[in-house]
Amino acid sequence: MPGLFALAMLTVDETRCVHRLAAVARCRACVDACPTGAWTMQPDGLDFDPARCDGCGLCVPACPPGALALAAPPALPLSGDTLSLACEHAPLAAGPLTRVPCLHAISEARLLALYLAGLRRLGVVSGTCATCPRGRVMPLVERLDALNDALRAAGAPAIELLPTAMPGEAAPSRRRGFFGLLRPAARTAGPDTRPAALRLLASIGRGGGPWAVSLDVARCTGCAVCARLCPEGAIDWLEAGAEAGLRLRMERCTGCNLCVDACDQGALRPGRAAGGVVVAFFHDTTCSRCSATFRHPAGHRAPPLCPVCRTGARRPDRLVVD
């Protein structure tokens, strides 16, 4: 993948890609989201074929660290507090509709920027997603659902999704409120990325974002690899005298799951953010076999063996040479 390059339709900043941060990264978000095969995973890393890119933009909201952006995102004009959207395969319908390549490519950051500008209701008309190659990604309704939860957690009002039935599909559920969109003179603010969405959420109020990981403290060995690798500072390692701990601030998490990939104890799992700060403290103890010092979580009984001895491995500094 090139360094920082601009194509006719897509801009990519490889410095934000988790594959450039750690070899253990298993993220396939852009590959799985791309309906044309422009993004592929090769043995030596990600590869992009601009000739295959049709500018649908589905990879942009899928990319957790925000490495991707459309060079020219579609304008989303409002009618009052309402935006009416239609995908390029939707049949002609009465009333003003803004056509976009794919409804599911509308990112969290775009929605939040429009929300801050006044959006309160959203109507959508589409083709049949079940038979469209672009319909295999996270649906717009699901993205709005998660964002609405985050808005409520921040103390902000939810937004209504208008019950516009899509051809061949049931009308969207009214179980939750969803977003509407822009006023005519409003402008979107900031890049079309998850980090930008988190900044916009923070300007609305306190609360978690749509992405998070959960920590199983009992499985954690306090190695702090997750804290060293987290590109957003959502996990950090705290030391205060004899006490040390992991701090999870999920309002910073973009869901890249690099920490999950790097955790060899399976202590981290993807999950929905609940808000607040989680701190897990650790104490030092001594391995009864190799006498090495290792950490164990406070409030849990310390195992007699360190993680290396428990897995049957031998420490390099304790190998016996005949």
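Small disclaimer: the values here were computed from a predicted structure and weren't measured.

S.K.: Is there a simple way to think about helix H5 (residues 194-204) in this case?
M.R.: Because an α-helix completes one turn every 3.6 residues, residues spaced three or four positions apart along the sequence face the same direction. Burial in H5 covers these residues: Arg194, Pro195, Ala196, Ala197, Leu198, Leu200 and Leu201. In the core, the buried residues of H5 are packed alongside helix H2 (59-62), helix H3 (108-117) and helix H4 (140-153).

S.K.: Would you mind showing me how to read the packing of H3 against H5 here?
M.R.: When two helices pack together, their arrangement is given by the angle between the helix axes and the distance between those axes. Across the interface, H3 lies against H5 with an axial gap of 8 Å and an inter-helix angle of 30 degrees. Classified by the angle between their axes, H3 and H5 sit roughly parallel to one another. Considering only the axes of H3 and H5, their crossing is left-handed. Contact residues: Glu108, Ala109, Leu112, Ala113, Tyr115 and Leu116 in H3; Arg194, Ala196, Ala197, Leu200, Leu201, Ser203 and Ile204 in H5.

S.K.: I keep staring at the sheet that holds strand S14 (residues 277-286) and nothing clicks. Help me out?
M.R.: The strands that make up a sheet pair up through hydrogen bonds in the backbone, lying either parallel or antiparallel. Spatially, the 4 strands line up as an open sheet ordered S11-S12-S14-S15, and their pairing is antiparallel. The two strands at the open ends of the sheet, each matched to only one other strand, are strand S11 (235-240) and strand S15 (293-297). Adjacent strand axes in the sheet meet at a mean angle of 30 degrees when their direction is disregarded. The sheet contact formed by S14 and S15 spans 5 bridges and is antiparallel. Within S15, the position partnered with His283 by the bridge is His296.

S.K.: Where do I start with the sheet that holds strand S6 (residues 82-87) in this structure?
M.R.: Taken in spatial order, the 4 strands make up an open sheet running S7-S6-S8-S9, and their pairing is parallel. One side of each edge strand has no neighbouring strand; the edge strands of this open sheet are strand S7 (98-100) and strand S9 (160-161). Sheet topology note: the strand S8 (residues 121-125)/S9 ladder contains 2 bridges and is parallel. Each residue of the ladder has a partner; that of Arg121, found in S9, is Glu160.

S.K.: Is there a simple way to think about a nonpolar patch on the surface in this case?
M.R.: Nonpolar side chains collect at one region of the surface, where Val277, Val279 and Phe281 lie side by side and expose about 240 Å² of accessible area between them. For Val277, the location among the structural elements is in strand S14. Val277 sits in the partly exposed class, given a relative accessible area of 48%.

S.K.: Where do I start with the layout of surface pockets in this structure?
M.R.: Empty space left among the atoms is revealed by rolling a probe the size of a water molecule over them. The space that makes up the largest pocket amounts to roughly 350 Å³. Ala62, Met138, Arg143, Arg194 and Trp211 are the residues nearest the centre of the largest pocket, which is lined by 19 residues in total. Contributions of two or more residues to the lining of the largest pocket are made by helix H1 (29-33), H2 and H4. Partitioning the lining of the largest pocket into residue classes produces 11 nonpolar, 1 polar and 7 charged.

What counts and what doesn't
Residues numbered from 1 in each chain as written. Predicted model: local features only at pLDDT ≥ 70, side-chain atom pairs only at ≥ 80, totals over all residues. Heavy atoms only, no water. Buried < 20%, exposed > 50% of the residue type's maximum accessible area, 1.4 Å probe, protein only. Helix = DSSP H or I, 4+ residues; strand = E, 2+ residues; numbered from the N terminus. Contact = heavy atoms within 4.5 Å. Axes fitted to C-alpha atoms, helices over the stretch in contact; angles between N-to-C directions. Parallel < 35°, antiparallel > 145°, perpendicular 65-115°, else oblique. Left-handed = near helix turned anticlockwise from the far one by under 90°. Pairing = 2+ DSSP bridges. Patch = residues over 30% accessible without salt bridge, like charges linked within 9 Å, V, L, I, M, F, W, Y side chains within 5 Å. Areas by Shrake-Rupley, 256 points an atom, 1.4 Å probe, with all protein chains shown as cover. Salt bridge = Lys/Arg side-chain N within 4 Å of Asp/Glu carboxyl O. 1 Å grid on protein atoms, 1.4 Å probe; cavity = no way out; pocket = protein on both sides within 12 Å on 5 of 7 lines; lining within 4 Å. Points joined across faces, edges and corners; volume = space filled by probe spheres on them. Nonpolar A, V, L, I, M, F, W, Y, C, P; charged D, E, K, R; others polar.

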